[in-house]
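Structural features, examined
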Amino acid sequence: MSKSSTKVYVLRLKPNQDLYHELDNFVKRNDLKSAFIMTCVGSLTKATIRMAFGGQEENEVKVYEEHMEIVSLVGTLSSVGGHHLHISVSTKTGQVLGGHVFGEMNVFTTAEIVIGECEDLTFMREFDPSSGFDELKLGIKM
């Protein structure tokens, strides 16, 4: 377990901005090495989501193009270690869809995002043969 001080940032996205692209730019522009999503509310018109592994050879990626409310956005962000984000959205009928943020996420009206950063840590990614993915590895900032 590691302990760290936290710095907080607030970001508001506007219509037609790409949520993933803007988060990536924000993290790189501010050189955030150990950021995480504290909360996010807003809406999308497009969501590209990788679904949970269901036994197929590759994880399925689905693109949804309709008006959706963001009900949850969670994950880690790092200018040096990459990002790992999951999202849940609800459709106009209330159906909830979710999975790994995998591409284009177009904002409909707004996305209000609060980002925390662990000031004393660095989030890196390292391949884990047991999962088959690059997984979180903590580093201490010097």
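Overview of the structure. (Residues numbered from 1 in each chain as written. Predicted model: local features only at pLDDT ≥ 70, side-chain atom pairs only at ≥ 80, totals over all residues. Heavy atoms only, no water.)

Some remarks on the overall build of the protein
The test is simple: Each helix corresponds to a stretch of at least 4 residues labelled H or I by DSSP, and each strand to a stretch of at least 2 residues labelled E; elements are numbered beginning at the N terminus. Radius of gyration means the value over C-alpha atoms here, while the globule rule gives 2.2 Å times the residue count to the 0.38 power. Under the scheme applied here, a residue whose accessible area is under 20% of the maximum for its type counts as buried, over 50% as exposed, and between as partly exposed, the area being computed with a 1.4 Å probe on protein chains only.
Within the protein, the secondary structure is distributed over 1 helix and 7 strands. Order of helices (α) and strands (β) in the protein, N terminus to C terminus: β-α-β-β-β-β-β-β. Taken against the 2.2 N^0.38 rule, which gives 14 Å for 142 residues, the C-alpha radius of gyration of the protein at 15 Å falls within 12% of a compact globule. C-alpha atoms of the protein, sized along the principal axes, occupy 50 × 35 × 20 Å. Across the 142 residues in the protein, those meeting the buried criterion constitute 40%.

Some words on the pattern of salt bridges
Stated precisely, the cut-off is as follows: Each reported salt bridge corresponds to a side-chain nitrogen of Lys or Arg within 4 Å of a carboxyl oxygen of Asp or Glu.
Inspection of every chain in the model, using the stated rule, returns 5 salt bridges. The shortest N-O distance in the salt bridge between Glu119 and Lys7 comes to 3.9 Å. Placement of the pair is Glu119 in the loop between strand S5 (96–118) and strand S6 (121–128) and Lys7 in strand S1 (residues 6–13), with a sequence separation of 112 residues. You can call Lys7 partly exposed: its relative accessible area is 37%. The partner of Lys46 in a salt bridge is Glu104, with the nearest N and O atoms 2.9 Å apart. Highlighted residues: Lys46 in strand S2 (residues 35–50) and Glu104 in strand S5, separated in sequence by 58 residues.

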